[in-house]
Amino acid sequence: MLRVIVRRLLQLVVTLIALTALIFIWLRNLPGGPVDALLGERATPERRELLTKALGYDQPILVQYGKFMQRMLTGDFGNSIRTGDSVVEVLGRSFPATVELALAAMIIAVGLGIPLGYLAARHRGRTLDNLTVGGTLLGISIPIFFLGYLLKDVFTQNIHWFPPSGRISTGLDNTNVTGFFVLDGLLTREFDASADALWHLILPAVTLATIPLAVIVRITRASVLDVLNEDFIRTAEAKGLRHQTVRGRHVLRNALLPVVTTIGLQTGALLAGAVLTEKVYNWGGLGTLITDSITGSRDYPVLQALILVAALVFIVVNLLVDLSYAVIDPRVRVR
């Protein structure tokens with residue numbers, strides 16, 4: 001197990017170094033260069049020259065890369081062009097909102113996806129299976145922004161079950177501790193704030209969860225069907241083992257490996273889908289920050305930090321997925 005962890009951590013370090021190199025190359029190849037990105041296209045040559053020396057862009061490329069890596073390792077991403085605030089502070093205001101939304105969406109997708117996929121496989125060819133397969137096809141087919149506006153129109157404009165936008169009701173005096181509003185309400189015993197944040201969270205989370213839910217259901221169903229046809233399942237049933245034992249110990253455990261892989265990959269898709277979902281519900285997370293940084297101000301310091309954070313989250317999640325293989329399948333530990 002220790003060997004698996006060390007090997008995965010070394011791969012993580014190599015991946016991060018390669019990613020920082022790509023970001024460095026991207027910054028040096030911006031239209032007009034990073035100096036024009038900061039000063040604008042109408043800046044005088046004197047101002048460009050002064051900023052070029054101040055940023056160290058007149059030094060050899062390896063020296064520049066070394067200083068760039070040093071700033072990345074110390075968390076110094078500079079200041080936002082759009083607001084003038086530290087990039088770390090800008091990310092700190094938006095990151096918890098997206099993580100809270102993505103976690104809620106993944107809980108819905110995994111909590112419903114695995115049981116539904118398993119039941120569909122157990123009742124293959126019956127009404128439940130046909131409804132589940134049809135529903136997942138519909139969930140994958142509908143564009144997420146269209147589904148968001150559709151749910152918003154039905155549940156906030158017509159039957160008024162949920163608030164139309166935002167993370168918490170205006171005027172509610174909640175205490176911000178971690179930036180995760182549901183958790184903050186529980187930590188500070190402001191349960192009304194926690195309930196209000198959860199009420200705002202449900203509809204965006206359901207919208208964001210539709211595609212991962214559909215994918216997880218289909219992968220679980222296919223994986224369980226494969227395992228049910230294996231000889232060791234027939235052997236276990238022939239030995240007279242209880243159905244619960246066969247399902248839990250032999251069927252589900254062996255069917256989980258591809259499902260866990262899918263969950264890791266869908267985490268990256270959640271970050272991409274969050275951009276559209278947050279825009280529909282005015283959520284105020286990283287998705288909103290990305291669109292604001294791209295349009296108008298060309299806020300490259302924020303964008304480079306966003307790329308690094310998004311990639312880091314994806315890598316860490318997939319590292320956890322790789323480690324979970326060793327827990328689910330003991331054969332992985334000895335390979």
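In this text, all values refer to a predicted model and were calculated from it rather than measured experimentally. (Residues numbered from 1 in each chain as written. Predicted model: local features only at pLDDT ≥ 70, side-chain atom pairs only at ≥ 80, totals over all residues. Heavy atoms only, no water.)

A. Quick look at the pattern of salt bridges. Applying the stated criterion to the full structure yields 4 salt bridges. Here Asp85 ties to Arg93 by a salt bridge, and the two come within 3.1 Å at their closest N and O atoms. As a salt-bridge pair, Arg167 and Glu100 come within 2.8 Å of each other at their nearest N and O atoms. On the criterion of sequence distance, the pair formed by Arg167 in the loop between helix 7 (144-158) and helix 8 (181-187) and Glu100 in helix 5 (residues 87-122) is long-range, its members being 67 residues apart. As far as burial versus exposure is concerned, Arg167 and Glu100 are alike and both buried. (Salt bridge = Lys/Arg side-chain N within 4 Å of Asp/Glu carboxyl O. Helix = DSSP H or I, 4+ residues; strand = E, 2+ residues; numbered from the N terminus. Buried < 20%, exposed > 50% of the residue type's maximum accessible area, 1.4 Å probe, protein only.)

B. Representation of the packing of helix 12 (residues 286-294) against helix 13 (residues 300-328) within the structure. Orientation of helix 12 relative to helix 13, taken along the N-to-C sense of each, is 145°, at an axis distance of 9 Å. Classified by chirality, the crossing of helix 13 by helix 12 is left-handed. Along the contact surface, helix 12 presents Leu286, Leu289, Ile290, Ser293 and Ile294, while helix 13 presents Val302, Leu303 and Leu306. For the contact of helix 12 with helix 13, a count of residues per class yields 7 nonpolar, 1 polar and no charged. (Axes fitted to C-alpha atoms, helices over the stretch in contact; angles between N-to-C directions. Left-handed = near helix turned anticlockwise from the far one by under 90°. Contact = heavy atoms within 4.5 Å. Nonpolar A, V, L, I, M, F, W, Y, C, P; charged D, E, K, R; others polar.)

C. How the structure looks around the packing of helix 7 against helix 9 (residues 191-228). Helix 9 packs onto helix 7 with a crossing angle of 145° between their chain directions and a minimal axis gap of 10 Å. The two elements helix 7 and helix 9 meet at a crossing, and its hand is right-handed. Across the interface between the two elements, Ile144, Leu147, Gly148, Leu151, Lys152, Phe155 and Thr156 from helix 7 touch Leu203, Val206, Thr207, Leu208 and Thr210 from helix 9. Its residues assigned to classes, the contact of helix 7 with helix 9 comprises 7 nonpolar, 4 polar and 1 charged.

D. Structural view of the packing of aromatic side chains. Enumeration over the complete set of coordinates arrives at 5 aromatic pairs. Between Tyr65 and Phe68, the ring centres sit 6.5 Å apart and the planes meet at 25°, which makes this aromatic pair stacked. Taken together, the positions of Tyr65 and Phe68, both in helix 4 (residues 61-73) and 3 residues apart, correspond to about one turn of that helix. By relative accessible area, Tyr65 is classed as partly exposed at 21%. Ring geometry for Phe155 and Phe162: centres 6.2 Å apart, planes at 65°, overall edge-to-face. In this structure Phe155 comes out as partly exposed when scored by relative accessible area, which is 21%. We classify Phe162 as buried; its relative accessible area is 17%. One aromatic cluster is present, built from ring pairs that chain together Phe24, Tyr65 and Phe68. (Phe/Tyr/Trp six-rings, centres within 6.5 Å; stacked < 30°, edge-to-face > 60°.)

E. Up close: unusual backbone geometry. Positive phi is not limited to glycine here, since His160 has a value of about 55°. Along the polypeptide, His160 turns up in the loop between helix 7 and helix 8. Although it is not a glycine, Asn282 sits at a positive phi angle of roughly 50°. Tracing the sequence through the fold places Asn282 in the loop between helix 11 (243-281) and helix 12. Residue classification places Asn282 among the exposed residues on the basis of a relative accessible area of 53%.

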